[in-house]
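Spelled out, the chains give:
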Amino acid sequence: MDKQSSIIENSLKAIMDDENFLPDLKSQTRDQAYKSLVSILTTPNHIHKSFLRVTLENGTVTRVPAFRIQHNDILGPYKGGIRFHPSVSEEEVSNFSKLMTLKNALHEVPFGGAKGGVVVNPKEYSVKELNLICKKYVQYFNDVLGPDKDIPAPDMGSGEREMDWMMAEFKTVHPGEPYRNSFTGKSIVNGGSEGRREATGKGVYFSFRYLMHDYANKNEKWLTENDNVFADTAVKYAKTKMRMAIQGFGNLGSVAALEAYKCKYLQNKIVAVSDHNVMLYNEKGLDIPSIVNYTEENGGELPTQEVALNDYDINASIHENDELLELDVDVLLLAALEDQIHEDNMENIKAEIIIEGANKPVTEKADKFLSDKGVLIIPDILANAGGVIVSYFEWMQGRDTQFMGEDRIYEKLFNKMKYTMDTILPQFFGDPFPLRQNCYIHAVTKLSTIMFRQGKLY
Ligand code: NAD
């Protein structure tokens, strides 16, 4: 069973044991409802897959595998990114579609969960060919997409350009119908939202800051009296200088790094950052603005040579990127790929706090091992929802054709995440479950209650 399904099942077990959950359900129907919910929430509603027929610039025809998996729409139209990557598989897309349903339920975003994928390495295709792949994706799945049906967004390997192309194709395929909110993550000139690009990185850092500073300081007395290892960690680090390492320096990692560097509430020292080539390290703390300046001028890549470091006044040493995870730091911010902390390296992790910027960067086994050891993991479902929350604002702006400024977007984003955390944290610090499990219990309770009230469990 995949990680999402097993946490869903455990969460359902926990809520079914709670007599306050759906008290109308009597004992004989409770077991039946549990089985129905496991079945509904661990399987997608629809799996759409196809082979896009694409004529390459050299004249040959190729078939590109593509997916759109719609998990659950009880909360509203399906929503989720489209990943362009050679490792995309039906299983991966399906798992991420479940995470989207739960993420939206947790953060009160009125969307269901979906995910898409195209099995390509975008670097191996020309711009014209990529444009054709995007158009074909919309043509093949056009019946199931739309502003009130299923609203895709960018994911790894896709971005504003692809969403602009797809929205344009949607408009061509559906003449006269609303199209501006058919896709999110578009460029601003095409109806994208201010702040969408930075939303996930800012939200990831906000989740950490809110927990470790705002919440920990405000509730210090209660947390100190609590017999809870995670509360001890929160109190300990709320007032201590934290050494942080950030894996991945793309959109999410670089924005979160800047937020951490500039933060006036917590004393962060970012000692290491990495990308797919290298790790940069400085015991005294890295100058993040200079590094961001370098990456912006060099195709998003970190410097790999001493001479480049000198040219940009970056004081750091260059190392292998895989050294980062096992560094002696307090905080690890994971902003690269899935399954980075696993069975083979979990015992060497020294950080006491892990922030999941990427989706599922810690495997199920490592998650259990580290949580049992008292490592505080701020899970993906909680931390990296900034993208889908601002996508929701973009969808509303496209529907109403009224647009908000950047400051207003961030204010609304942080308020929404604060609301979620204020709901979850008292429960988390007051009971024995890790934060991820608490988030899932909350999301699954909401979905189950709505499904029960709508008569979907019979
Ligand atoms: P990105 O492509 O902009 O950046 C990825 C970064 O990871 C790059 O710096 C890349 O060099 C680095 N990387 C790749 N392999 C690595 C390795 N082995 N070691 C160290 N670094 C490595 O992607 P992003 O938008 O920053 O997203 C990062 C992750 O977060 C992805 O997994 C994505 O699916 C997830 N995510 C992103 C968003 C979003 O809105 N950007 C939202 C939710 C989840």
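Bear in mind that the values here come from a model prediction, so they are computed numbers and not experimental data.

1. Focus on the site of the ligand
Phase 1 of the analysis: Around the ligand there are 22 residues in total, and Thr-200, Asn-251, Leu-252, His-276 and Ala-336 lie nearest to it.
Phase 2 of the analysis: Within the backbone of Gly-250, a nitrogen or oxygen atom sits 3.1 Å from an oxygen atom of the ligand.
Phase 3 of the analysis: In the environment of the ligand, an oxygen atom lies 2.9 Å from a nitrogen or oxygen atom belonging to the backbone of Ala-336.
Phase 4 of the analysis: Relative to its unbound accessible area of 820 Å², the ligand is 77% covered by the protein chains.
Phase 5 of the analysis: Looking at the shell around the ligand, the elements with two or more residues in it are helix H6 (196-218) and helix H9 (251-262).
Phase 6 of the analysis: When grouped by side-chain class, the residues that make up the shell around the ligand number seven nonpolar, 11 polar and four charged.

2. With respect to the sheet that holds strand E12 (residues 376-378)
Phase 1 of the analysis: What the seven strands build is an open sheet, ordered E9-E8-E7-E6-E10-E11-E12; its pairing is mixed. With partners counted over all chains shown, the strands left at the sheet margins are strand E9 (317-320) and E12, one partner each. Strand-to-strand twist of the sheet, defined as the mean angle between neighbouring strand axes without regard to direction, takes the value 25 degrees.
Phase 2 of the analysis: When strand E6 (residues 242-247) meets strand E7 (residues 268-274), the two strands line up parallel, connected through six bridges. The residue bridging Met-242 from the neighbouring strand is Asn-268, located in E7.

3. Quick notes on the environment of Ala-105
Phase 1 of the analysis: Mapped onto the elements, Ala-105 comes out in helix H3 (residues 90-106).
Phase 2 of the analysis: Once the C-alpha coordinates of Ala-105 and Ile-381 are considered, the two residues, 276 residues apart in sequence, prove to be 10.0 Å apart.

4. A closer look at the pattern of salt bridges
Pairs can form between side chains of opposite charge whenever their charged atoms are close.
Phase 1 of the analysis: Per the counting criterion, the structure on display carries 27 salt bridges.
Phase 2 of the analysis: Notably, a salt bridge pairs Lys-236 with Glu-352, separated by 3.0 Å at the nearest N-O pair. On the criterion of sequence distance, the pair formed by Lys-236 in helix H8 (residues 229-238) and Glu-352 in the loop between strand E10 (331-334) and strand E11 (353-356) is long-range, its members being 116 residues apart.
Phase 3 of the analysis: In this structure, the salt-bridge partner of Asp-339 is Lys-360, at a minimum N-O distance of 2.5 Å. With Asp-339 in the loop between E10 and E11 and Lys-360 in the loop between E11 and helix H12 (364-372), this residue pair connects regions lying 21 residues apart in the sequence.
Phase 4 of the analysis: What makes Asp-339 partly exposed here is its relative accessible area of 34%.
Phase 5 of the analysis: Look at Lys-360 and you get buried, because its relative accessible area is 17%.

5. What about the nonpolar core?
Phase 1 of the analysis: Phe-208, Leu-211, Val-273, Phe-429 and Leu-435 are the most contacted members of the largest nonpolar core, which totals 101 residues.
Phase 2 of the analysis: Those residues in contact with Leu-435, other than ones at most four positions away along the chain, are Leu-211, Leu-376, Ile-377, Ile-378, Pro-379, Leu-382, Ile-424, Leu-425 and Phe-428.
Phase 3 of the analysis: Counting residues in each nonpolar core, the second largest holds 24 residues, with Ala-66, Cys-134, Val-144 and Leu-145 among its members.

6. A look at unusual backbone geometry
Phase 1 of the analysis: Here the phi dihedral of Asp-339 falls at roughly 50 degrees; this positive angle occurs in a residue that is not glycine.
Phase 2 of the analysis: A positive phi is found at Lys-360, a non-glycine position, where the angle reads about 50 degrees.

7. Re the sheet that holds strand E4 (residues 113-118)
Phase 1 of the analysis: Spatially, five strands are ordered E1-E2-E4-E3-E5 in an open sheet, and the strand pairing comes out mixed. Each having just a single partner strand, strand E1 (46-55) and strand E5 (150-154) make up the two edges of the open sheet. Across this sheet, the average inter-strand angle for adjacent strands is 20 degrees, counted without regard to direction.
Phase 2 of the analysis: Here strand E3 (residues 78-84) runs beside E4; their pairing, made up of three bridges, is parallel. Across the sheet, Phe-84 pairs through a bridge with Val-118, a residue of E4.

Criteria and thresholds
- Residues numbered from 1 in each chain as written.
- Predicted model: local features only at pLDDT ≥ 70, side-chain atom pairs only at ≥ 80, totals over all residues.
- Heavy atoms only, no water.
- Near = heavy atom within 4 Å.
- Polar contact = N/O pair within 3.5 Å; in protein donor to acceptor, adjacent residues only side chain to side chain.
- Areas by Shrake-Rupley, 256 points an atom, 1.4 Å probe, with all protein chains shown as cover.
- Helix = DSSP H or I, 4+ residues; strand = E, 2+ residues; numbered from the N terminus.
- Nonpolar A, V, L, I, M, F, W, Y, C, P; charged D, E, K, R; others polar.
- Pairing = 2+ DSSP bridges.
- Axes fitted to C-alpha atoms, helices over the stretch in contact; angles between N-to-C directions.
- Salt bridge = Lys/Arg side-chain N within 4 Å of Asp/Glu carboxyl O.
- Buried < 20%, exposed > 50% of the residue type's maximum accessible area, 1.4 Å probe, protein only.
- Core = buried A, V, L, I, M, F, W, Y, C linked by side-chain atoms within 4.5 Å.
- Contact = heavy atoms within 4.5 Å.

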